[in-house]
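Inside the fold
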Amino acid sequence: MMFLRGNAACPGCPIPKELDALLEVTGKKTVLVVPASCTSVILGDTQGGQPSTVPVIHSAFAAAPAIASGVAASLRMRGEEDATVVVWAGDGGTGDIGFASLSGAAERNENILYVCYDNEAYMNTGIQRSGLTPYGAWTTTTPSGKKEFKKPLPLIVAEHRVPYVATASIAYLNDYQSKVRKAKSIKGFRYIHLLSPCPPGWRFDAGLTVEIAKLAVETGVWPLYEIENGEFRLTSISKVLVDKSKRKPVEAYLRYQGRFSKMTPEEVKALQDYVDKMWEEIREMTKK
Amino acid sequence: MLVQKGKVLALVGNHAVAYAVKQAKPQVLAVFPITPQTTMLEKLSEYIDKGELRAELIKVESEHSAMAAIFGAALAGPRVFTATASQGLLYMTEMIYWVGGQRVPLVAAVATRAIASPWSIWDDHQDFVSKRDAIWVQMMAENVQDAYDITLMAFRISEDPRVMMPVMMGFDGFILTHTMERVEVLPDSVVDEFIPPREFKLIDFDNPLGIGAVATPDNYAKYRKKAMEAMERAKSVIKEVMANFEEITGRKQYGLTECYMCEDADYLLVGMGAWVGDMRVAVSRLRERGKKVGLLKIRVFRPFPREEVREALKGRKGVVVFDRAYSFGSGGVLSLEVKANAYGLTTPIHTVVAGLGGKDVRPRDIEGALEDLTEGKLEEERWLA
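So, how was this worked out
Think of each chain on its own: its residues are numbered from 1, step by step along the sequence as written. For naming, the first written chain is A and the first written ligand is 1, with later ones following in the order written. Residue-level local features of this predicted model are given only where pLDDT is at least 70; pairs of side-chain atoms are given and counted only at 80 or more, and the full residue set underlies all totals for whole chains, interfaces and linings. By convention in this description, side-chain values take in all heavy atoms of the structure and omit both hydrogens and water. A helix here means a DSSP run of H or I that spans at least four residues, while a strand means a run of E at least two residues long, and both kinds are numbered starting from the N terminus. With C-alpha atoms as the basis for the radius of gyration, the globule rule is written as 2.2 Å multiplied by the number of residues raised to the power 0.38. The cut-offs for exposure are 20% and 50% of the maximum accessible area for each residue type, with area from a 1.4 Å probe on protein chains only; residues under the lower value are buried, those over the upper are exposed, and the others partly exposed. Whether two residues are in contact is decided by their heavy atoms, any of which lying within 4.5 Å being enough. Per-residue and other accessible areas follow the Shrake-Rupley method at a 1.4 Å probe size, with only the shown protein chains counted as cover for residues. Charge convention: Lys and Arg are scored as positive, Asp and Glu as negative, and His as well as the terminal groups of each chain are ignored. Just so you know, the charge point we use is NZ for Lys, CZ for Arg, CG for Asp and CD for Glu. Two aromatic rings from Phe, Tyr or Trp, using only the six-membered ring of Trp, form a pair when their centres are within 6.5 Å; if the ring planes differ by under 30 degrees the pair is stacked, by over 60 it is edge-to-face, and anything between is tilted. A strand pair is defined by DSSP finding two or more bridges across the two strands. Every angle, taken between N-to-C directions, lies between 0 and 180 degrees, and every axis is a line fitted to C-alpha atoms, over only the stretch in contact when it is a helix. Any pair of cysteine sulfurs within 2.5 Å is marked as a disulfide. An angle below 35 degrees is read as roughly parallel, one above 145 as roughly antiparallel, one from 65 to 115 as roughly perpendicular, and any other as oblique. Handedness of a crossing follows from how the near helix is turned relative to the far one, being left-handed for an anticlockwise turn of less than a right angle and right-handed for a clockwise one. Polar here means any residue other than Ala, Val, Leu, Ile, Met, Phe, Trp, Tyr, Cys and Pro, which are nonpolar, and Asp, Glu, Lys and Arg, which are charged; Gly is therefore polar.

Topic: the overall build of chain B
- Within chain B one finds 13 helices and 18 strands.
- The globule rule puts the C-alpha radius of gyration for 385 residues at 21 Å, and the 21 Å found for chain B is close to it.
- Along the first, second and third principal axes, the C-alpha atoms of chain B reach 70 × 50 × 45 Å.
- For chain B, with 385 residues in total, the buried portion stands at 60%.
- Taking the intrachain contacts of chain B between residues at least 6 apart in sequence as the baseline, contacts between residues at least 24 apart amount to 81%.
- Carbon and sulfur atoms form 52% of the exposed surface of chain B, whose accessible area is close to 14,800 Å².
- Treating the 48 positive side-chain charges of chain B as one cloud and the 52 negative ones as another, the clouds have centres 2 Å apart.

Dropping the structure here:
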């Protein structure tokens, strides 16, 4: 076990398992750079020791990719290029406040593995909407549901022409770990976007985390893919989901989550249309 | 040690600092262009390109990332450096505090410049003094030689185990950054000896630490108290380093403050930065006319030289502090510092606010205010605007 139990995560939170699975692959010579997020709390305080078995650098909200750039440069100077510098950041730290820093590090093709664990809102501060909150979702700052669609962050990062971008899910652990393994073997800027269901924020029973993560993939809301040197490839069960008849309706994903409970049938249809359109675009990308 | 004679060069301030940085051998730099610092970044890039400085320059997308990048780099061991000014210093403020709170030894040069809005690229000290509470040692240069000297000393002070704190070297934008002066530079081998190898490494895979985790209120207060104690210790370390530097270079270093013609002075002028040079002229002229005036130069702003200032104020008939930065609703920033350390003394302390946004200040302006002080005609606060 690389990430110890007895940490401060909420019941049903996938973050400790996601970190453990990551570190299992990247190993002891990993540095975690963690900006303000749920993980800042999960990692405990200065006195009590930390659940991480690898060095952790806590970071101001918008600074993690730049700090990681510095660490990577120093490790190069130390001749320790076999070490993996990982940014472990939430969706707000990645797609909102940390976006310029992320884009800068991606453009410079820094030797960093960036993992965005996306729980689709500012959960640590108590469920406020982020640019990555999906359409229709309730948060404390979108009391009647978010009116805008989720920022397509993995594709935006891919547009920086970095060597590796992938999406992943805690429900498909082999797929996630094989992506981390591949990312570890590549030099330069690598990006993995993990959909990370949050029981208190998404309003579902803490025992259903993996189920919800699985439904996100099965309904096509969260497609699993990787883009290696510009080449797009669906992975795991998402490979068969280009065929719409193989995808479950989005309702199957929405109905277990309180955050979507106030959506009107029209809004549900709008989200379904959005997902279907996204898959049409994916179909085009797989043809390239 | 014998006085080491190096080369004499003609350098603008930015190039003199770049030269000192090259000799201090940082391994990682991250600098974002901003006027009037940019020509330093260009010179450093040139040194790296030619292989004269074996370092990586991270071409960051902002000042916030510049400070973040060298923070990350410094944790892993190497010596690091950055430079900025004005808006850039403000933009990196969050990371300035982050680095100070973490007590990471590193050096940053600040080419002082006014703060917008409205836009101004010209010199004053508003940017520099705004970082006074960030747990940084802050020193300010009077001339190009001084900027070179302080930069070298900054690395040594910062990495001293008794200090372990970032150091900011302030030098006036344009007035020093773009002015060419005669500079004596030390031979590289002497600098190597003066700044011992850096011993600082927090990233260790066999002893994994959590750096900067949440501190409970009890612990947070303890860390802040430790920083206060380190800042007090820094005073003697700075004096020690300066004494050593003086021995090597043969150039007088004075200490946290310098007293110029002030031994028997009835009236004292207090200042910091490049215009201290003009103040020397003003004081000399008034001395020629028989006025008993003197000058107290503040060379180290943090830790503030409380004892030296208090001692220098004692028994004077009047003091005037020249301020290039203002705390609106309160007073001149340097004046406030001086007044805070004059508690219980009866010496009247006046303020002249001048040079804001690069507004020209001449020796005769300084002379005029000082003469008015000696004649009881200076207001408590005067603005040269």
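Digging into the side chain of Thr 151 of chain B
- Topologically, Thr 151 of chain B is positioned in helix α7 (residues 144-159).
- Those residues within four positions of Thr 151 of chain B in sequence are excluded, and the remaining contacts are Val 17, Ala 20, Val 21 and Met 169 of chain B.

Overview of the packing of aromatic side chains
- A complete count under the given rule lists 17 aromatic pairs over all chains for this structure.
- Aromatic pair Tyr 114 of chain A and Phe 189 of chain A: ring centres 6.3 Å apart, planes at 40°, arrangement tilted. You can see Tyr 114 of chain A sitting in strand β4 (residues 113-118) and its partner Phe 189 of chain A sitting in the loop between α7 (173-185) and β6 (190-195), a full 75 residues away along the chain.
- Seen in terms of ring centroids, Tyr 326 of chain B and Phe 328 of chain B are 5.2 Å apart; in terms of plane orientation they differ by 65°. Their pairing is edge-to-face.

Looking at the sheet that holds strand β6 (residues 137-140) of chain B
Residue and element names in this part refer to chain B.
- Ordered by their spatial adjacency, seven strands build an open sheet running β3-β2-β4-β5-β7-β6-β13, and the pairing between neighbours is mixed. Since the sheet does not close on itself, it has two edges, and those belong to β3 (56-58) and β13 (300-302), each with one partner. For this sheet the average axis-to-axis angle between neighbouring strands, irrespective of direction, equals 20°.
- Taken together, the two bridges between β6 and β13 define a ladder with antiparallel strand orientation.

Focus: unusual backbone geometry
- The linkage connecting Thr 35 of chain B with the following residue, Pro 36 of chain B, adopts the cis geometry, with an omega of 5°.
- If you trace the backbone, Pro 36 of chain B turns up in the loop between β2 (28-30) and α2 (38-49).
- A positive phi angle is found at Arg 203 of chain A, which is not glycine, with a value near 60°.
- In this structure, Arg 203 of chain A sits in the loop between α8 (199-202) and α9 (209-218).
- One non-glycine residue with positive phi stands out, namely Ile 135 of chain B, at about 65°.
- Tracing the chain through its elements places Ile 135 of chain B in the loop between α6 (126-129) and β6.

Structural notes on the environment of Tyr 220 of chain B
- By secondary structure assignment, the location of Tyr 220 of chain B is in helix α9 (residues 217-249).
- A relative accessible area of 42% places Tyr 220 of chain B in the partly exposed class.

Quick look at the state of the cysteines
Residues and elements named next belong to chain A.
- All chains considered together, the criterion is met by one disulfide over all chains.
- Cysteine Cys 10 remains unbridged, with the sulfur of Cys 13 as its closest cysteine sulfur at 6.1 Å.
- Residue class for Cys 10 comes out partly exposed when judged on its relative accessible area of 45%.

As for the packing of helix α3 (residues 64-77) of chain A against helix α3 (residues 63-75) of chain B
- Relative to each other, α3 of chain A and α3 of chain B sit at 40°, their axes nearing to 6 Å. The orientation of α3 of chain A relative to α3 of chain B falls into the category oblique. Remark: the crossing between α3 of chain A and α3 of chain B carries right-handed chirality. Residues Ala 66, Ile 67, Gly 70, Val 71 and Ser 74 of chain A of α3 of chain A form the contact with α3 of chain B, whose participating residues are Ser 65, Ala 68, Ala 69, Phe 71, Gly 72 and Ala 73 of chain B.
- Considering only residue class, the contact of α3 of chain A with α3 of chain B consists of seven nonpolar, four polar and no charged.

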